[in-house]
Amino acid sequence: MNIKKVAVLGAGAVGSYVIWGLSNNKNITLGVVADGERNERLKNQGLMINGTKYTPQVWTPEEAHNVDLLIVSLKYGSLRGALKDIQTIVGENTTVMSLMNGVDSEEIIAEKIDKSHILYSFIKVASQKKEDGYHFDPETTVGIYFGELQQPYESERVKAVDDIFENTGLHWIITDDIQAEIWGKFKLNVCNNLPQAILGVGVGCYEDSEHMAAIREGLRAEVEAVAKAKGIDLSMINAKSGRGSAVKASARYSTLQDIDSGRHTEIDMFSGAMMRMGKELGIPTPYNEYTYHMIKALEEKNDGVFEYQGENDRVSWSK
C-alpha cells in the first residue's frame, strides 16, 4: 500500500501540526478539505503556522473523494456535522485517522463509514492560536500515536503511514496498545485540562496548590474506574503517555484557551462523556459532574447570560 494523496479535515491547532509536517513530503499531494466561504478563504489566504505561510491544496469533499489517507482533526462539536462530508470523502481505498480528543470519535465516524477504514490514532501537541496563526514547538511535541486494534499490528497501512511521516519533522509512535493509549491521553485531558480552565490559571497550579492537585486526583480516579470497567488496561500504555508535550507553568490548555477566547469548549467530549459512561456502568462520577456544570456555566458567562443590571451594586446581609 502506498499513500500518495492525503486530505486534512480541520485545519486548526491539530491540523496545523499535520500540515506543517506533511508539507515537507514532496512525494504526496496534500490538501485541506473545506466548503463554501472557508474553502475560498483558505485558497486566497493559506494558513499561518509558526510564522510561515502554508498553501496546501484546498478541496471540496467531492474533490477529495477516495484519497489514500483522510486525517480528521476537527473540534468535537463539529464532528457530527461533518459526518456527511467524511462519508463523501471516504472511498474504497481510504484510510481514516481521527486525531481528535476523547475516546469515541472513531465510533461516531463509524456510524457513516465501515469501521475497517479506521486506523486508530490520537495526537499530543501543545498548539496555541495567536494573531498570526497557530504556534507549537516541533522539538518538544510528543506527536502522533497510531496502531491497529488487533493483529497484524505491523499492517500494510501502518507501514504506509510510517513511510509518509519519515523525514517530515513530525514525531510519531506506533503502538500495539492504541486503545489504552487513547484512554491514557483522555485521562490526561480530563485531569489536567479541565480544573485549570475553571480556575483560569496556568498548569503550574497543580504543583503550587494542594487543592487543585486534589481535584485532579478525584477526576483521575473516576476515569480509571470507568476504563477498568470497560476492560481498558491503562498499565499497558507507553511510558511517554504519562506526560504531554513539555509546557511552561503558565501554559493554558485547550479548554481554557476556548474560555479565554469566548468560545464554547469540548467539555461534552470530556466530562460529558464521563458522565454518560459512568451512568451506563453504574459508576459515580461526582467530580466530573461538578466540572461539567461549572464549565458549562463559564460558557454561559461568556455568552452574556449573567450580565445583570446594577452589576456593581453591593448588598450586605446580616441576621
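In the block above lies the structure referred to throughout.
Please read these numbers as outputs of a predicted model, since none were measured by experiment.

(A) Just the packing of helix 10 (residues 268-281) against helix 11 (residues 286-302), in detail. Helix 11 packs onto helix 10 with a crossing angle of 140° between their chain directions and a minimal axis gap of 9 Å. As judged from the angle between their axes, helix 10 and helix 11 are oblique. Once helix 10 is placed against helix 11, the crossing between them reads as left-handed. Residues Asp268, Ser271, Gly272, Met274 and Met275 of helix 10 lie in contact with helix 11, whose contacting residues are Asn288, Glu289, Thr291, Tyr292, His293 and Lys296. Per-class residue counts for the contact of helix 10 with helix 11 are three nonpolar, five polar and three charged.

(B) How the structure looks around the sheet that holds strand 11 (residues 143-147). In space, the three strands of this open sheet follow the order 8-11-12, with mixed pairing throughout. Sheet topology places strand 8 (120-124) and strand 12 (172-174) at the edges, where each strand pairs with a single neighbour. Looking at each pair of strands side by side, their axes are set apart by 15° on average, direction ignored. For strand 8 and strand 11, the ladder comprises five bridges, and the chain directions are antiparallel. Directly across from Phe122, in strand 11, lies its bridge partner Tyr145. Lying over the sheet, helix 5 (residues 156-165) contacts strand 11 and strand 12, oriented at roughly 160° with respect to strand 11. Sitting on the sheet, helix 6 (residues 178-199) touches strand 8 and strand 11, and the angle it makes with strand 8 is about 35°.

(C) Structural view of the pattern of salt bridges. Scanning the entire structure with this criterion turns up 13 salt bridges. The closest approach of N and O atoms between Arg276 and Asp104, which form a salt bridge, is 3.4 Å. Linking Arg276 in helix 10 with Asp104 in the loop between strand 7 (95-98) and helix 4 (105-109), this pair joins segments that are 172 residues apart in sequence. The partner of Glu107 in a salt bridge is Lys115, and the shortest N-O contact between them spans 3.5 Å. Overall, Glu107 belongs to the partly exposed group, its relative accessible area being 31%.

Here is what the cut-offs are and how they apply
- Residues numbered from 1 in each chain as written.
- Predicted model: local features only at pLDDT ≥ 70, side-chain atom pairs only at ≥ 80, totals over all residues.
- Heavy atoms only, no water.
- Axes fitted to C-alpha atoms, helices over the stretch in contact; angles between N-to-C directions.
- Helix = DSSP H or I, 4+ residues; strand = E, 2+ residues; numbered from the N terminus.
- Parallel < 35°, antiparallel > 145°, perpendicular 65-115°, else oblique.
- Left-handed = near helix turned anticlockwise from the far one by under 90°.
- Contact = heavy atoms within 4.5 Å.
- Nonpolar A, V, L, I, M, F, W, Y, C, P; charged D, E, K, R; others polar.
- Pairing = 2+ DSSP bridges.
- Salt bridge = Lys/Arg side-chain N within 4 Å of Asp/Glu carboxyl O.
- Buried < 20%, exposed > 50% of the residue type's maximum accessible area, 1.4 Å probe, protein only.

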